[in-house]
Amino acid sequence: MKKLAEAAGAGTMVAPAATKSPVAPQPTTKGSRGAEVTKHPYPTVQLETFLTPRDRKGSKRVIRDRSEAIAFVREDALSLDRIREAGIPLYNVGRRFRVLGPDGITEQERWIAPFDVIHRSRENPKDFDGLVLPLGELIHDHGLYLKLAPGIAELGINDRGDILLRRDTKQKDPTVGPVLNSFNTVITGRAKRLVTRTIYDEHRTDVKEALGWLKAFEAVDKAKTLISRFCCAGVQYTQKGNVPYLKKTSQVNFFAPDDAEMQVIAKAIEERFKERGGKRAPHVTILSLMGVPKTEAEYRGFLLRLKKARVSAQKLGLPATLKDSRLWDPDSKAVVTSNFVYFAPLKELGEEVTILTVNTDYHGEVKSRGVLSPLMAILSQIDIISAHAGAAVLNRKGTATTFTGPTGTGKTTAGAFWAEKNERYRREELKRRYRLDLEREGQNGVDLEEELDRIFPNVGILCQEDWIEILHDERRGWVFWSTERCLYARTGGFPGLKFVLAENTPILENVTADFGGARSIDSLGRITHDYFPERIFYDPTWGHLLYDRTSRPIAANDVLERNPNLDFCVKRVGADEAMKWLLIGRTPGGKYEPLYNAYPDFSGLLMSYGIVGDKLVEAVKAAEHGDLAKLGKGDATLGRAIYDKLKVQLDLWRKNCAQVPTYIVNGAAGLEMTQDMNWLLSEHPEAFGDWQKVTTTEFQAYMGDQYGVTYTDRGTWTHITAAQRAAR
């Protein structure tokens, strides 16, 4: 047994040998001493054998996945005596959940998640996605996660490895999450449907019905419509809806209407509009509807509630049947999560822009379709780029580097990596490099340490992490404006997350428990914050990051890619080549987002039509020669409207990239090496001359010669020890 454990390796659990142990046969491999060991770091125990007779068929205490295998089981549905007789420790069966009452002491029930759920969910995720458990719902998105039900709170883990949960049946608010200051959302992920109206009267009819729905919700819920007013990049917004969560997050994420910083930007915007014809900057209204009946049966029930409230559906403008609703999706034969927008040429954009979000309380939908998409249309009229990008100060001159790229390429990481104050080894490493630079420069009469103390606090500063406005200023050249007051970023990999959670009360969104996403029994059932769509609202005033969103000149554009098939780690590109990269907008997963930006309405249309990648490059070339139909999937009128919006941004980007050094940075090199590229491009743009094409080997050699930096084959620093990383 000792040899078997040694062969299995640290962290590998092997079920004890038993004469008739019903442990499933496992895929095996040879260990270092020739012993056969399981590939999975957890045993698979066939629990069917141990179910009590009354629980073997149709028991509510046994939750099965769609393959009819056990996904979740109450402990008292198992014969523990028979498990012991088989020589199997209960610890090898699965992860136990102890559910306590509101007092946090009285135990109500125990549930077990079998360990084999972890690998079964990876092999057949559809068997688990959407499965309802007594404690919540399973969601498969880059792994399997458990979204705990309202009223279930995570207390922690005891010394037996059990997950402790508290159930409070009085807690009815579905937005209250399982972690302190966290929020659940009813809908996860982006809306399934984007409806773009090209005829204004159709859009106006959509808006009229949406306002009727809000009045109907007021009647049946006996609650007034919630109104939130805020400002983004100097543009004023009003959000009306029936979702308390969205009112809160819009006010957290964006600026107050009278914010001093926004007032300065708003004044500059008004001046630009006056210079271009005298019209005022448009105002944006977002109508957010949650709880619209999905089916005819649900709608009949809603109409009965409306009748009891003595309100006429007809007078509100609601249809007699749901299929006659403007919100009805004929393809799904239901009302699905949707966004409705008016898609028109920029010159037809009036002084009021209205966006509808339907049956989604995901803040990302409000931010992308409701706030940032109309913002791009509005500011395009006055020659401003709206970029899905971050910005940071990575040089002693105090100028900004922008980071553009699709989701998953590391914009947040690039902006915050050197700005994270709690990961001290990063700041110390940066300081070491500046000391070496100053020593090489050898300025006579200058105290090196005093100069270092002057320079260092002003480098490695985060400015914005997801969206910026880029414009040309006559005096300063190309500069950026900020859009968001708080960072709205994924928790997975968020710099300093453990410090933020320990020392502040941040709002978290979509908090879920790992149910196999990390492929580890240690995290099974725990809130790990690794769930892909989970977000954190980070307030810069908390001070964990060096943060300054002051508008700054832009010294360099880093276009982030993550593609191991590229033959370079960094490449300088001219305006024409930069436009091709932007148009194709490849994501790490091999999909495409025009301009690296899925937010704008024209991007959404192009993506829904499949006019992306090389097809989009060809369609734009055709449009430049007068053939607009390719952009509109055969509709020249629609193609003209798309090209109208796309061309403005392309022309602005072309001018920007012709004047601002622009580089393709390949994040496939690894985390720390990628951040070294971002820093070197900003602080020492002359390091590789024109940076025509720099390979990983060349870059590593330069960093080794100049700064003594060494890397693993995965781009991780090896010149910094584990002790240095752990030092506080």
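Residues numbered from 1 in each chain as written. Predicted model: local features only at pLDDT ≥ 70, side-chain atom pairs only at ≥ 80, totals over all residues. Heavy atoms only, no water.

### Comments concerning the pattern of salt bridges
Part 1 of the argument: In the structure shown here, the tally under the stated rule is 43 salt bridges.
Part 2 of the argument: Arginine 74 is the salt-bridge partner of aspartate 76, the closest N and O atoms lying 2.7 Å from each other.
Part 3 of the argument: Given the relative accessible area of 38%, aspartate 76 is considered partly exposed.
Part 4 of the argument: Given the relative accessible area of 22%, arginine 74 is considered partly exposed.
Part 5 of the argument: Among the salt bridges present, the one from glutamate 577 reaches lysine 571, with a minimum N-O distance of 2.7 Å.
Part 6 of the argument: You can call glutamate 577 partly exposed: its relative accessible area is 30%.
Part 7 of the argument: A single salt-bridge network, built from bridges that share partners, covers Glu75, Arg96, Arg98, Glu107, Arg110 and Asp162. (Salt bridge = Lys/Arg side-chain N within 4 Å of Asp/Glu carboxyl O. Buried < 20%, exposed > 50% of the residue type's maximum accessible area, 1.4 Å probe, protein only.)

### A look at the packing of aromatic side chains
Part 1 of the argument: Scanning all chains against the criterion turns up 28 aromatic pairs.
Part 2 of the argument: Relative to tryptophan 581, the ring of phenylalanine 568 has its centre 6.4 Å away and its plane inclined at 80°; by these criteria the two rings are edge-to-face. Remark: tryptophan 581 occurs in helix α14 (residues 575–584) and phenylalanine 568 occurs in the loop between β29 (554–561) and β30 (570–573); sequence separation between them is 13 residues. For the residue pair phenylalanine 568 and tryptophan 581, the accessibility class agrees, reading buried in each case.
Part 3 of the argument: The rings of Tyr663, Phe688, Trp691, Phe699 and Tyr702 are connected pair by pair, giving a single aromatic cluster.
Part 4 of the argument: One residue, arginine 433, lies across the ring of tryptophan 679, its end atom 5.2 Å from the ring centre.
Part 5 of the argument: Sitting over the face of the ring of phenylalanine 343, lysine 645 holds its NZ or CZ atom 4.4 Å from the ring centroid. (Phe/Tyr/Trp six-rings, centres within 6.5 Å; stacked < 30°, edge-to-face > 60°. Helix = DSSP H or I, 4+ residues; strand = E, 2+ residues; numbered from the N terminus. Lys NZ or Arg CZ within 6 Å of the ring centre and 35° of its normal.)

### Quick notes on the packing of helix α11 (residues 424–441) against helix α19 (residues 696–707)
Each packed pair of helices is defined by two parameters, the angle between the axes and the distance between the axes.
Part 1 of the argument: At a closest axis distance of 10 Å, the pairing of α11 and α19 adopts a crossing angle of 65°. By the angle between their directions, the pair α11 and α19 is classed as roughly perpendicular. Packed against α11, whose contacting residues are Arg432, Arg433, Leu436, Asp437 and Arg440, the element α19 presents Met703, Gln706 and Tyr707 at the interface.
Part 2 of the argument: In the contact of α11 with α19, the residues fall into 3 nonpolar, 1 polar and 4 charged. (Axes fitted to C-alpha atoms, helices over the stretch in contact; angles between N-to-C directions. Parallel < 35°, antiparallel > 145°, perpendicular 65-115°, else oblique. Contact = heavy atoms within 4.5 Å. Nonpolar A, V, L, I, M, F, W, Y, C, P; charged D, E, K, R; others polar.)

### What to know about the environment of phenylalanine 532
Part 1 of the argument: When you line up the elements, phenylalanine 532 lands in the loop between β27 (513–514) and β28 (535–538).
Part 2 of the argument: Its relative accessible area of 30% is what places phenylalanine 532 among the partly exposed residues.
Part 3 of the argument: For the pair formed by phenylalanine 532 and glutamate 68, sequence separation is 464 residues and the distance between their alpha carbons is 27 Å.
Part 4 of the argument: Those residues in contact with phenylalanine 532, other than ones at most four positions away along the chain, are Asp141, His142, Thr407 and Arg490.

### Brief notes about the sheet that holds strand β24 (residues 477–482)
Part 1 of the argument: A sheet is described by the order of its strands in space; here 3 strands give the open sequence β19-β23-β24, paired in antiparallel fashion. The sheet is open, and its two edges are formed by β19 (385–387) and β24, each paired on a single side. The average undirected angle you get between the axes of adjacent strands in this sheet is 30°.
Part 2 of the argument: Docked against the sheet, helix α6 (residues 260–275) engages β23 (468–473) and β24, running at close to 130° with respect to β24.
Part 3 of the argument: Its contacts with the sheet put helix α17 (residues 636–659) on β19, β23 and β24, and the angle it makes with β19 is roughly 85°. (Pairing = 2+ DSSP bridges.)

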